[in-house]
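Okay, here's what each chain looks like letter by letter:
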Amino acid sequence: MTTLKSKLQEDLTEAIRARDELRSSTLRLTLSAITKEEVAGKEARELSDDEVRKVIAKEAKKRREAAEAFAQGGRAEQADREKAEGEILDAYLPKQLTDDELNGIVAQAVEEARGAGAEGPRAMGAVMKIVNPKVAGRAEGGRVAAAVRKLLAG
């Protein structure tokens, strides 16, 4: 078993013992999503820590999107719960990049791409290929794409 998955299971046990309903239900759902990912496909396999992080990131993103939807729908109590679940999951993910850090990485990648001959908005793909490995797991794809578009346009 991967170390991150075993950490999640240990934390789940602690949350159950502490009767922390929010934390235990969040960790249960996340472990369920991890198990579902492990048995998806033609044969069952154990996920690596990086793959487990991707599942956790996907679950955290679902919580953020649900919180926004509930807030827009006027269901503040449910939105608060979704936000709280997202914060619990964020603790298991690498620290997210600030806008300044992300812009710095993107600016560097734009310069690299220009050095390779890519110019203007058409350079988006080349820049994304350079940026994605550097920010993997530390920034959402939409945020990265927006930063790249902004720098290429400006």
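Computed from a predicted model, the values in this text were never measured in an experiment.

A. Region of the structure containing the side chain of Lys5. Turning to its location among the elements, Lys5 is positioned in helix α1 (residues 3-17). With a relative accessible area of 10%, Lys5 lands in the buried category.

B. Fine view of the domain arrangement of the chain. Annotation of the chain at the domain level lists domain 1 (3-91) and domain 2 (99-153). A C-alpha centroid distance of 29 Å is found between domain 1 and domain 2.

C. Seen up close, the nonpolar core. One finds Leu102, Val127, Val131, Val135, Val144 and Val148 to be the most contacted residues of the largest nonpolar core, which totals 19 residues. For this core, the secondary-structure elements that each account for two or more residues are α5 (99-115), α6 (124-135) and α7 (141-153). Counting residues per element, this core draws most heavily on α5, at six residues. Beyond its immediate sequence surroundings of up to four residues, Val144 is in contact with Leu102, Met128, Val131, Asn132, Val135 and Ala139. Judged by nonpolar contacts, the second largest core, of 15 residues, contains Leu4, Leu27, Val55 and Tyr92.

Rules used in this analysis
- Residues numbered from 1 in each chain as written.
- Predicted model: local features only at pLDDT ≥ 70, side-chain atom pairs only at ≥ 80, totals over all residues.
- Heavy atoms only, no water.
- Helix = DSSP H or I, 4+ residues; strand = E, 2+ residues; numbered from the N terminus.
- Buried < 20%, exposed > 50% of the residue type's maximum accessible area, 1.4 Å probe, protein only.
- Domains from an automatic or database assignment.
- Core = buried A, V, L, I, M, F, W, Y, C linked by side-chain atoms within 4.5 Å.
- Contact = heavy atoms within 4.5 Å.

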